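This is what each chain is made of:
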Amino acid sequence: MSFFSKDPLQIIVFQSYGSDTHFYVRGRALQDENINLEKNNIFSLLRNTWKRFESDEVRNTSLTILLPNNHKIITKTDYKGYFEVSETLNNLTNLTDIEGWLNFEVSFTDSNIKRKITNNNTFLGKMLIPKLRVDYGIISDIDDTILHTGVISKMKWRVLINTFFVSPLKRKVLVGAAEFYNLLHLGISGKNANPLFYVSHSPWNLYRYLDFFLEKNNFPKGAILLRTAGSIFKKKTLEEKPQKQNEIRNILKTYTDLKFILIGDAGEHDADIYMEITKNYPNRIKAIYLRSVQHSKKMERIKLLVENYNDTEFFIVDSSKEAIIHAKKHQFIA
């Protein structure tokens, strides 16, 4: 945190997930540099992007989390302004809303802070606890699965353009994706609240950007799990693969009685990761949906990979409409 900076302070709480006995939340304390995600002019886009990646963190400061039952949890940010809380508590389900979200508040509690704090020092957070009646959970990639990103383009130039020069209001959503995800969320009864978990290669700097995109395009609310290190411009390597696998494994370990549908794209490692997850967690994956990409060599590799695959239902789709037809046929949705 710069000594000369006068920006007020804020806390960004990432949408997380937990259970009736496990409270788990992550977030970051930063200076509020007034990023307006609805502005579309080139100057504002460049300015906002610079602020996201040159963010001024609030290091080693005390925070208080207040639950609806007035239970308080004290935590502290690290040298990058991040905080992570994992505590064993009881009867957290009783604190959730009809969709399974536990709403809580986070605030700065360091009496030595002399700077202005936005929102009257009250920042809202949400943690997902799936209801007992749900049919299954949905774990989905974001990049080129629901959001046109361009990760398969040469030198990743489309990723660069989309990240720096395109507002989340202007980002292209894959046609019909929101409808498909809402149908999965509602399940076969059309009344369920099947939990969603969005997993992305993007760093936490883009959390608000992606959350804004999902909300504006009417995707059902879900936990958002991003990269804790690295850059979106760095080519994916084998070291990225375990990170995504670990996120999915943690979800499966948290909800041992719940089966899942996995959704990704054929552009990168999703097929390999999902197939390995299915092998390591037999009878836990109901189906794998993989969206095709405009890349002949990558599609050829995927088709050969799944040619004799029978560990679970594996479906390569060209469109969300095709995925909806398949999901209805297999009674995943109404």
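Everything here concerns the structure above.
Model, not experiment: these values are computed from the prediction.

A. Molecular detail of the pattern of salt bridges. Summed over the entire model, instances satisfying the criterion amount to 6 salt bridges. Of the charged contacts, one joins Lys244 and Asp270 as a salt bridge, the two residues approaching to 2.6 Å between their closest N and O atoms. Placement of Lys244 in helix 5 (residues 240-254) and of Asp270 in helix 6 (residues 270-280) is noted, with a sequence separation of 26 residues between them. For Asp270, a relative accessible area of 2% corresponds to the buried category. Across the pair Arg301 and Asp272 runs a salt bridge whose closest N-O atoms are separated by 2.8 Å. Of the two residues, Arg301 is situated in helix 7 (residues 296-305) and Asp272 in helix 6; the sequence distance between them amounts to 29 residues. Take Arg301: its relative accessible area is 36%, and that puts it in the partly exposed class.

B. Structural context of the packing of aromatic side chains. As enumerated under the stated definition, the model contains 18 aromatic pairs in all. When the centroid spacing of 6.3 Å and the interplanar angle of 90° are considered together, the rings of Phe108 and Phe123 count as edge-to-face. Highlighted residues: Phe108 in strand 7 (residues 101-108) and Phe123 in strand 8 (residues 123-128), separated in sequence by 15 residues. Here Phe108 falls in the buried class, since its relative accessible area comes to 5%. Relative to Tyr207, the ring of Trp204 has its centre 6.3 Å away and its plane inclined at 40°; by these criteria the two rings are tilted. The exposure class assigned to Tyr207 is buried, which follows from its relative accessible area of 4%. Among the aromatic residues, ring-to-ring pairing joins Phe180, Tyr181, Tyr198, Phe213, Phe219, Tyr289 and Phe315 into one connected group.

C. Layout of the pairing of strand 3 (residues 22-31). Counting buried positions along strand 3 gives 9 out of 10 residues, so the element sits mostly inside the fold. Sheet analysis places strand 3 next to strand 6 (residues 82-88), joined by 7 bridges and oriented antiparallel. The partner of Phe23 across the bridge, within strand 6, is Glu87.

D. Examining the environment of Phe23 more closely. Along the polypeptide, Phe23 turns up in strand 3. Phe23 sits in the buried class, given a relative accessible area of 0%. Distance from Phe23 to Leu92, taken between C-alpha atoms, is 7.8 Å for residues 69 residues apart in sequence. Those residues in contact with Phe23 that sit more than four places away from it in its chain are Ile65, Leu67, Ile73, Val85, Ser86, Glu87, Leu89, Leu92, Leu102, Phe104 and Met127.

E. Structural detail: unusual backbone geometry. You will see that Asn70, though not glycine, has its phi angle at about 75°, which is positive. Looking at where Asn70 falls in the secondary structure, it is placed in the loop between strand 4 (62-66) and strand 5 (72-76). Positive phi, normally seen in glycine, also occurs at Gln331, with a value near 60°. Of note, Gln331 is situated in the segment after helix 8 (320-329). Residue Gln331 is classed as exposed on the basis of its relative accessible area of 60%.

F. Expanded view of the nonpolar core. In this structure, Ile146, Phe180, Tyr198, Phe219 and Tyr289 are the most contacted members of the largest nonpolar core, which totals 37 residues. Secondary-structure elements contributing two or more residues to this core are strand 1 (9-14), helix 3 (177-186), strand 10 (196-203), helix 4 (207-216), strand 11 (223-227), strand 12 (260-265), strand 13 (285-291) and helix 8. Excluding its chain neighbours within four sequence positions, the residues that come into contact with Phe180 are Ile263, Tyr289, Ser320, Ala323, Ile324 and Ala327. Of all hydrophobic cores here, the second largest spans 32 residues; its members include Leu225, Ile277, Met299 and Tyr309.

G. Fine view of the layout of surface pockets. Counted as a void, the largest pocket has a volume near 560 Å³. At the level of elements, strand 1, strand 7, strand 8 and helix 4 are the ones that each hand at least two residues to the lining of the largest pocket. In terms of residues, the lining of the largest pocket owes the most to one element, helix 4, which gives 5 residues. Looking at the lining of the largest pocket, its residues break down into 9 nonpolar, 7 polar and 6 charged.

Reading the values: rules and limits
- Residues numbered from 1 in each chain as written.
- Predicted model: local features only at pLDDT ≥ 70, side-chain atom pairs only at ≥ 80, totals over all residues.
- Heavy atoms only, no water.
- Salt bridge = Lys/Arg side-chain N within 4 Å of Asp/Glu carboxyl O.
- Helix = DSSP H or I, 4+ residues; strand = E, 2+ residues; numbered from the N terminus.
- Buried < 20%, exposed > 50% of the residue type's maximum accessible area, 1.4 Å probe, protein only.
- Phe/Tyr/Trp six-rings, centres within 6.5 Å; stacked < 30°, edge-to-face > 60°.
- Pairing = 2+ DSSP bridges.
- Contact = heavy atoms within 4.5 Å.
- Core = buried A, V, L, I, M, F, W, Y, C linked by side-chain atoms within 4.5 Å.
- 1 Å grid on protein atoms, 1.4 Å probe; cavity = no way out; pocket = protein on both sides within 12 Å on 5 of 7 lines; lining within 4 Å.
- Points joined across faces, edges and corners; volume = space filled by probe spheres on them.
- Nonpolar A, V, L, I, M, F, W, Y, C, P; charged D, E, K, R; others polar.

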